[in-house]
Amino acid sequence: MVRILGARVRLVAGVSAISLISLPAFAQTSAQAPQDTGIEEIVVTAQRTAQSLQDVPIAVSAFSAEALQRQQINNPLDIQLTLPNITFTKGNFTGSSFTIRGIGDLCVGVTCDSATAIHVEGMPLFGTRLFEAEFFDLERVEVLRGPQGTLFGRNATGGVVNFVNAKPQMDAIHATGEVEYGNYNSLRVKGMFNLPIGDTLAIRVAGTYLKRDGFTNNLFDNSRIDGRDLYAIRGSIRWEPTPNTTVDAMAYYFREDDDRSRVQKQLCQRDPTGVLGCLPGRSEFGTTNANSTFAGTLSSREFLTSQAGPAIGSIGLGSLYGPDAYSSAINPTDVRTVNTAFTPNYFAEEQQYMLRIAHDFGSMKVQATGMYQKNAVDSQVDYSLAVQNRAVYQPGINNLIGLAQVLPQFAPTVAAILPNGANGAICSSQSEFTGTGAFGGNKQCSNVPLVFDRSNEERRSWTGELILNSQFDGPFNFLLGGIYVDQNLPENSYFVNGFAIDYVAGVLGAATALGNPALGNVYLGTPFFRNNTDEYTLKSYGLFGELYYNFSDSVKLTVGGRYNNDKKFVRARSTLASFPVPANATNAFASPFVGAFDADPGTPGNQLFQERRVSFSEFTGRAVLDWKISDDSLVYASYSRGYKSGGINPPLQPIFSVPDSFAPEFVNAFEIGSKNTFLDGALRANITAFYYQYKGLQLSRIVARTSVNDNVDATVYGLEGEFIVQPTRGLAFNFGASYLKTEVNQDKFLSNPRDPSGGRSDAVIIKDISNGSNCAVINNGAGGQAATAAFVTGANNAINAGAIPGLQAGAGLRGPTAFPSDSGINGATGAFGICGVLQAVGAGTQFQTLAAGVETNLRGNQLPQAPTYKFSAGAQYTAEFDNGMSMVPRVDLAHTGESFGNIFNGLINRIEGYTVINAQVQLNGRDDRWYLRGFVQNLTNNNATTGLYVTDQSSGLFTNIFTLEPRRYGVAAGFRF
């Protein structure tokens, strides 16, 4: 005999619940008795008043702890699958983007604010590693869609994700534990212990641990990479010294140290000309042409000859017109298989400490909260996910060793990167802070050339918040709040290291010393690319609040306002072979020749750092009118003005013309919604429609290996629906669906780095051999493509002949050549050259050299990470047996539609839609004291792409992709009392 367990359907209601959480609001299940039919009520204390979630006029999806377990939501990559108009993807620089209604963290850089604000207990987090940790001992997770600011302490134009931890309980001792084992030798352990101490004090300690083998097979050494080894622990104390006073304290620590890879795979339609590296026609499993990279151009025989003559040119690592280091590289077509000689490493750490005091005065409540947060992240990965062919470099290596025996200026380079002779291991600089790299003994050696990057950051933040809200019996109430943030970032760097870069730094330094013997033995520092933020500070305060007026028992008006003030300061620089450094130096920036380096050309004199200050302040607000038509139906209409402050772009190396700063973004958001319960409580249907007018949306693009940000206007609108159907007490279904339309609505002209020709067939795309970037030459007169090609050929012939001041004869540069017919380039040709020479030679003629390429209009393009369609469905059946045990099978399906990976759109930037299916069955013991669970996630083993990143032209324009996790399956056992 089987009896249906009605109480367990509450988790389904928690999954798709639409509720408003204001500041420290806490969701709780109502105490009403189970009914024969109908979805059990969920009560939230939003706006400091106990309300049914169906009575709250805003769209928020809430996941209870039970719902997180049933839907197998272990981390943020899982949580986004079932939510309408929400996507999540990892990013290229140890970050991530949680996109809500097409608005996510599209701005990249230390001075960017988050469009989607991440909160713990209603308090904002900064640079959090929370999205790398596993969820454990949570009361719930809330995702608020739309601009926030009048209730939460930080502005957010996209929305808010708020994590609410489980609190200490004073009723009894409680404990839970779970051990899970799955494929990839995955071991996950979770536990919690709750201890009351007397009637007014309780403590709670919880933690999680995860260790598994890597998802990715490395063909180079038959190893597995991209594993996890992490743990987190949280301790909390609750003290209630009086019936009206509550004191909460929380401490949290997270640590990860493993071989996690920031990048899953690289895609490239290989460019045989080397001018672009990767072509814009399509995505495929190729490798970039190394001749297109800044290391390839600067180490080429052609460039070195142009700088110091044929003798120095002979030690070039290759020819721009010959085989490149990746010409024979293997890029396996399996997304889960790579070929890399560099094992990735990943370290992350975070600490959070919070103290909150709340007191109920009767007609008023006051709450004061302080939080300190400290986090760090440090990650290295193979830059090109491919193994270079040393044989291409060997002739240049042999010639360098021979030349060093004649010219001692080259000896330090040989000693630093070729310490074991021509056929021994070759060395690359490590990513380190002295700037000396291999020349200072900080190196990593291998039998094959290595190229890798490093992304690291340290951040500390203090936050204080005070909230006051009324509890009057009349029609009028209010909430007032203030917040202050003091944030400091003492270190943020992005490095690119490689043997060829060290080679360039050493050879060019020695060549410089040949022309100026007074320098002695020098190399050019830094012998790696480093974009370094030495310090970033944010001083911010906000005043916010809402007024509530009830016209009647069924009609209420909410009016909210906010003033925000941000002051930002940043000190930064970017270096790559920028100034001479003595071979025996212990710190590159202590070099007597560092005065040749200028980090800030916009300021008179030479500066070791670029320093910038900006400040922003703004008033914003919202208004909501809601009408409770009946006990089962609510309609509402709202207007919100969202705001996110601007920031400062980092310095570039080499210098390109980009704005120093980027402007704030604003959104006028209009929303209408309806929340309904039908069929005597068996159907819940909540529907929302919204329309956004965006002004100055912040978007990132890569220039000179560095993220810079622009502003663009856009229109966003869409629909969302969330539904729960419970035909019987034991059977429940949840559905979610969304439609989203995003569009750039202004004339915004930017050059597409994938195609600097901008579609012009008369253009010649130039690979600048002096820095690896691309420019474009166009013809404003007669003759078309043939005339442009003849002009470029003539300029290159002038370089070859030594007719250009400062350049030596004999470089051997050639005229333009055609790209392949399937390249995606509309008739333009390409050539190696020097953009500055072309600009000078063409001055006053019909030929114009465009440093960034031909600009194209973004009007009408779709915003990144904004799929037009999403839908999800889940089914659960709960049964209890006569022996007191129960079984709960569940299956979930989530489909995410097509989107684009960046603002330039086009087929090559398209992210295909994907579907994920999860299933599990859980056997519960008597009184739910223990359970056994079997599960499978991503049943079809879908390796779909969730996001992409296009590198810059001096790196070869390859595309990094980020994917779903593969199929995982296993068993778990747990207890609770």
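These figures come from a predicted structure and were not determined experimentally.

Enquirer: So what's going on with the sheet that holds strand β16 (residues 216-218)? Residues and values would help.
Expert: Ordered in space as β17-β16-β23, the 3 strands form an open sheet in which the pairing is mixed. Only two strands of the sheet have a single neighbouring strand rather than two, namely β17 (223-225) and β23 (337-338). One ladder, built from 2 bridges, connects β16 with β23; its direction is parallel. The residue of β23 that forms the bridge with Asn217 is Thr337.

Enquirer: Pulling in residues and values, what's your account of the sheet that holds strand β57 (residues 959-963)?
Expert: Pairing in this open sheet of 3 strands is antiparallel, and the strands run β20-β57-β56 from one edge to the other. Among the strands making up the open sheet, the edge pair consists of β20 (265-267) and β56 (945-950). Across the sheet, the axes of successive neighbouring strands diverge by a mean angle of 30°, strand direction being ignored. Where β56 meets β57, 5 bridges bridge the pair, whose relative direction is antiparallel. Counterpart to Tyr949 in the pairing with β57 is Asn960.

Enquirer: Any chance you could break down unusual backbone geometry for me, citing the residues and the numbers?
Expert: Apart from glycine, the bulk of residues carry a negative phi angle, and the bulk of peptide bonds sit in the trans form. Cis geometry is adopted by the peptide bond preceding Thr526, which originates at Gly525 and carries an omega value of -5°. Tracing the backbone shows Thr526 in the loop between β30 (522-525) and β31 (529-550). Of note, Tyr184 is a non-glycine position whose phi angle comes to about 60°, a positive value. Judged by relative accessible area, which is 23%, Tyr184 ranks as partly exposed. The phi dihedral of Leu679 is positive, around 55°, even though this residue is not glycine. Structurally, Leu679 can be placed in the loop between β38 (665-678) and β39 (683-703). The exposure class of Leu679 is exposed, given its relative accessible area of 63%.

Enquirer: Which residues make up the pairing of strand β15 (residues 201-212), and what are the values?
Expert: Looking along a regular strand, one sees the side chains alternate between the two faces of the sheet. Note that strand β14 (residues 186-197) and β15 share 11 bridges and pair antiparallel. The residue bridging Ile197 from the neighbouring strand is Leu201, located in β15. Between β14 and β15, which pair antiparallel in sequence order, lie 3 residues; one of them, Gly198, sits at a positive phi of approximately 75°. Pairing analysis gives 12 bridges linking β15 to strand β18 (residues 228-242), with the strands arranged antiparallel. In the sheet register, Gly207 faces β18, and the bridge partner there is Ile233.

Enquirer: With reference to specific residues and values, describe the environment of Thr337.
Expert: Tracing the backbone shows Thr337 in strand β23. Once the C-alpha coordinates of Thr337 and Gln264 are considered, the two residues, 73 residues apart in sequence, prove to be 9.0 Å apart. When sequence neighbours within four positions are dropped, the list of residues in contact with Thr337 reads Thr216, Asn217, Leu219, Lys265 and Pro332. Within the structure, Thr337 has its side chain in polar contact with the side chain of Asp334 (distance 3.0 Å).

Enquirer: Requested: an account of the packing of helix α10 (residues 784-800) against helix α11 (residues 835-842), with residues and values cited.
Expert: Between α10 and α11, the shortest axis-to-axis distance is 10 Å and the interhelical angle comes to 110°. Of the possible angle classes, the one that applies to α10 and α11 is roughly perpendicular. Relative to α11, α10 is oriented so that their crossing is right-handed. From α10, Phe791, Val792, Ala795 and Ile799 reach across to α11, where they touch Val837, Leu838, Val841 and Gly842. Across the contact of α10 with α11, the residue classes tally to 7 nonpolar, 1 polar and no charged.

Enquirer: Kindly report on a nonpolar patch on the surface, identifying the contributing residues and their values.
Expert: On the surface, a cluster of nonpolar side chains totalling about 630 Å² of accessible area is made up of Phe472, Phe476, Leu547, Tyr549, Phe551, Val559 and Leu625. Relative to the elements of secondary structure, Leu547 occurs in strand β31.

Enquirer: Hey, could you go over the nonpolar core for me, with residue numbers and the actual values?
Expert: If you look at the biggest cluster of nonpolar residues, it comprises 84 residues, and the most contacted ones within it are Ile315, Phe410, Leu418 and Phe499. The biggest single contributor to this core is helix α9 (residues 499-515), with 8 residues. With residues up to four places along the chain from it excluded, the contact list for Phe410 reads Ile312, Ile315, Leu400, Leu403, Ala404, Val507, Ala510, Ala511 and Leu514. By size, the runner-up hydrophobic cluster in this structure holds 37 residues, among which are Phe63, Leu77, Leu130 and Leu230.

Enquirer: Explain the state of the cysteines to me, using residue names and the numbers behind them.
Expert: Considering all chains together, one arrives at 3 disulfides under this definition. Residue Cys268 pairs covalently with Cys278 via a disulfide, S to S 2.0 Å. Judged by the torsion about the S-S bond (-110°), the Cys268/Cys278 disulfide is left-handed. With Cys268 in the loop between β20 and β21 (269-270) and Cys278 in strand β22 (residues 278-279), this residue pair connects regions lying 10 residues apart in the sequence. The exposure classification of Cys268 matches that of Cys278, with both residues buried. Disulfide partner of Cys427: Cys445, at an S-S distance of 2.0 Å. Since a negative S-S torsion denotes a left-handed disulfide, the Cys427-Cys445 link at about 95° is right-handed. Of this pair, Cys427 sits in strand β26 (residues 426-429) while Cys445 sits in strand β27 (residues 443-446), and the two are 18 residues apart along the sequence. Overall, Cys427 belongs to the buried group, its relative accessible area being 0%. The class for Cys445 is partly exposed, based on a relative accessible area of 38%.

Enquirer: So what's going on with the packing of helix α7 (residues 390-404) against α9? Which residues, and what values?
Expert: One can describe the packing of α7 onto α9 by two numbers: an axis separation of 13 Å at closest approach and a directional angle of 30°. Where α7 crosses over α9, the two elements pack in a sense that is left-handed. From α7, Tyr393, Gly396, Ile397 and Leu400 reach across to α9, where they touch Phe499, Ala500, Tyr503 and Val507. Considered class by class, the residues forming the contact of α7 with α9 number 7 nonpolar, 1 polar and no charged.

Enquirer: Mind laying out the confidence of the model for the protein, listing which residues take part and the relevant values?
Expert: Confidence in the prediction of the protein, expressed as mean pLDDT, is 90, and 93% of residues score 70 or more. The secondary-structure element of the protein with the lowest mean pLDDT is strand β3 (residues 27-29), recorded at 34, while β15 shows the highest, at 98. Below a pLDDT of 50 lies the segment residues 1-37, which in the model reaches 142 contacts outside its immediate sequence neighbourhood of four places, other chains included. Long-range and interchain partners of residues 43-50, a stretch whose pLDDT sits below 50, account for 41 contacts in this model, where long-range means more than four residues apart.

Enquirer: Could you give an account of the environment of Tyr353, with specific residues and numbers?
Expert: With respect to the secondary-structure elements, Tyr353 resides in strand β24 (residues 345-360). Residues Tyr353 and Ala249, spaced 104 residues apart in sequence, show a C-alpha to C-alpha distance of 7.6 Å. In contact with Tyr353, not counting residues within four places along its chain, are Met250, Ala251, Gly370, Met371 and Tyr372.

Calculation notes
Just so you know, the residues in each chain are numbered from 1, in the order the chain's sequence is written. In view of the model being predicted, local features appear only for residues whose pLDDT reaches at least 70, and side-chain atom pairs are presented and counted only at 80 or more, with totals across whole chains, interfaces and linings using the full set of residues. As a rule here, side-chain values cover all heavy atoms of the structure and leave hydrogens and water aside. Strand pairing is defined by DSSP finding a minimum of two bridges between the two strands. Secondary structure elements are taken from DSSP: a helix is a run of H or I of four residues or more, a strand is a run of E of two residues or more, and numbering for both begins at the N terminus. Throughout, an axis means a line fitted to C-alpha atoms (over the contacting stretch in the case of helices), and angles, computed between N-to-C directions, take values from 0 to 180 degrees. Categorising residues by exposure relies on relative accessible area from a 1.4 Å probe, with only protein chains included: less than 20% of the type maximum marks a residue as buried, more than 50% marks it as exposed, and the intermediate range marks it as partly exposed. By the convention used here, residues are in contact when the closest approach between their heavy atoms is within 4.5 Å. Identification of polar contacts relies on pairs of N or O atoms within 3.5 Å, with a donor-acceptor requirement for protein atoms, meaning one able to donate a hydrogen and the other able to accept it, and with residues adjacent in sequence counted only if both atoms are side-chain atoms. Between 65 and 115 degrees an angle is taken as roughly perpendicular, under 35 as roughly parallel, over 145 as roughly antiparallel, and anywhere else as oblique. By convention the crossing between two helices is left-handed if the near helix lies anticlockwise of the far one by an angle smaller than a right angle, and right-handed if it lies clockwise. Charged means Asp, Glu, Lys or Arg here, nonpolar means Ala, Val, Leu, Ile, Met, Phe, Trp, Tyr, Cys or Pro, and polar covers whatever is left, Gly included. Residues form patches when they are more than 30% accessible in relative terms and have no salt bridge. Like charges link within 9 Å. Nonpolar side chains (Val, Leu, Ile, Met, Phe, Trp, Tyr) link within 5 Å. Working definition of accessibility: Shrake-Rupley area with a 1.4 Å probe, residue cover restricted to the visible protein chains. By salt bridge we mean one thing: a side-chain nitrogen of Lys or Arg within 4 Å of a carboxyl oxygen of Asp or Glu. Residues belong to a common nonpolar core when they are buried Ala, Val, Leu, Ile, Met, Phe, Trp, Tyr or Cys residues joined through side-chain atoms within 4.5 Å. The criterion for a disulfide is a pair of cysteine sulfur atoms lying within 2.5 Å. The pLDDT value expresses, per residue, how confident the predictor is, ranging between 0 and 100.

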